[in-house]
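If you want the building blocks of each chain, they are given just below.
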There are 2 protein chains.
Amino acid sequence: MDVSIDTLFELSEFFKFFGDTTRIRIIHLMLSGELSVNEIAEKLNLEQSVVSHQLRILRTANLVKPRRDGRKMFYSLDDEHIGLIFDTGLTHILHKKGK
Amino acid sequence: MDVSIDTLFELSEFFKFFGDTTRIRIIHLMLSGELSVNEIAEKLNLEQSVVSHQLRILRTANLVKPRRDGRKMFYSLDDEHIGLIFDTGLTHILHKKGK
DNA sequence: TGAAAATATGAATACTTGTTCATATGTTAA
DNA sequence: TTAACATATGAACAAGTATTCATATTTTCA
């Protein structure tokens, strides 16, 4: 398959979003559904600003989308491929650990 | 699905390997088969040391494996999941660009 | 309106990481 | 053995990035 150098660059940029523990943990949480910023921070034992900063990165990349409800902001995955990519990588990790 | 925090860390570390343009380009080349260090450097227009450095990273992670033939070193993918992960990400990029 | 709650943002810092340049290592052939 | 080829490696530098801390913004409710 022929892939342009620009596309390969975009591809690496895309994988970078998954290449951070905090973001992967946030994404993993969201695979089960929508969450508020505080819920994420509490479940992952992270500071609120850390979560907000990472959510901004994911939001800018259109990987998550926000929804305001009162003073709370709920975030959910905005891309149907995220789960698939997550699972594909996870399968590899579990397979590797399994032997 | 329940995933341990350690596994999520490993998963993010794994995606990091795909999160660099140089490495993605090397991986993409290798999807078509084995190549020597110099072949990679020439095809990607990179310095030899850059390629060697990145190959070491991929080799340490068991993503590529080396084979010596004379004074040349040939590298090939050492993981059957790499192509799948690459394609999964690429599908997303192409799908995104398509609209 | 004012205070509290929830989230966002900016600047500073520390850390990681990719590239460059120089050089070392290993291999072949004359 | 020596020279040339192919690759690997180490140190230094530069650039990128995640976290922290402080503060700003937005919304609700008394």
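The rules behind these values
Residues numbered from 1 in each chain as written. Chains lettered and ligands numbered in written order. Predicted model: local features only at pLDDT ≥ 70, side-chain atom pairs only at ≥ 80, totals over all residues. Heavy atoms only, no water. Helix = DSSP H or I, 4+ residues; strand = E, 2+ residues; numbered from the N terminus. Expected span 1.5 Å × (residues − 1). Buried < 20%, exposed > 50% of the residue type's maximum accessible area, 1.4 Å probe, protein only. Arc of directions from axis to C-beta. Contact = heavy atoms within 4.5 Å. Salt bridge = Lys/Arg side-chain N within 4 Å of Asp/Glu carboxyl O. Polar contact = N/O pair within 3.5 Å; in protein donor to acceptor, adjacent residues only side chain to side chain. Nonpolar A, V, L, I, M, F, W, Y, C, P; charged D, E, K, R; others polar.

### Side note on helix 1 (residues 5-16) of chain A
The terminal C-alpha atoms of helix 1 of chain A, which comprises twelve residues, lie 17 Å apart, in line with the 16 Å expected from a rise of 1.5 Å per residue. Within helix 1 of chain A, the full set of buried residues consists of Thr7, Leu8, Leu11, Ser12, Phe14 and Phe15 of chain A. On an axial view of helix 1 of chain A, the arc spanned by its buried residues comes to 155 degrees, and they lie on one face. Each element contacted by the buried residues of helix 1 of chain A is listed here: helix 5 (82-97) of chain A together with helix 1 (5-18), helix 2 (21-30) and helix 5 (82-97) of chain B.

### Some remarks on the interface of chain B and chain A
In this assembly, 36 residues from chain B lie in contact with 36 residues from chain A. The tally of links from chain B across to chain A stands at one salt bridge. Residues glutamate 10 of chain B and lysine 97 of chain A are paired through a salt bridge, measuring 3.2 Å at the closest nitrogen-oxygen approach. Taken together, the links from chain B to chain A amount to six residue pairs in polar contact (both at pLDDT 80 or more). Put simply, the parts of the chain that give the side of chain B that touches chain A at least two residues each are helix 1, helix 2 and helix 5 of chain B. No other element matches helix 5 of chain B, which puts 14 residues into the side of chain B that touches chain A. When grouped by side-chain class, the residues that make up the side of chain B that touches chain A number 16 nonpolar, eleven polar and nine charged.

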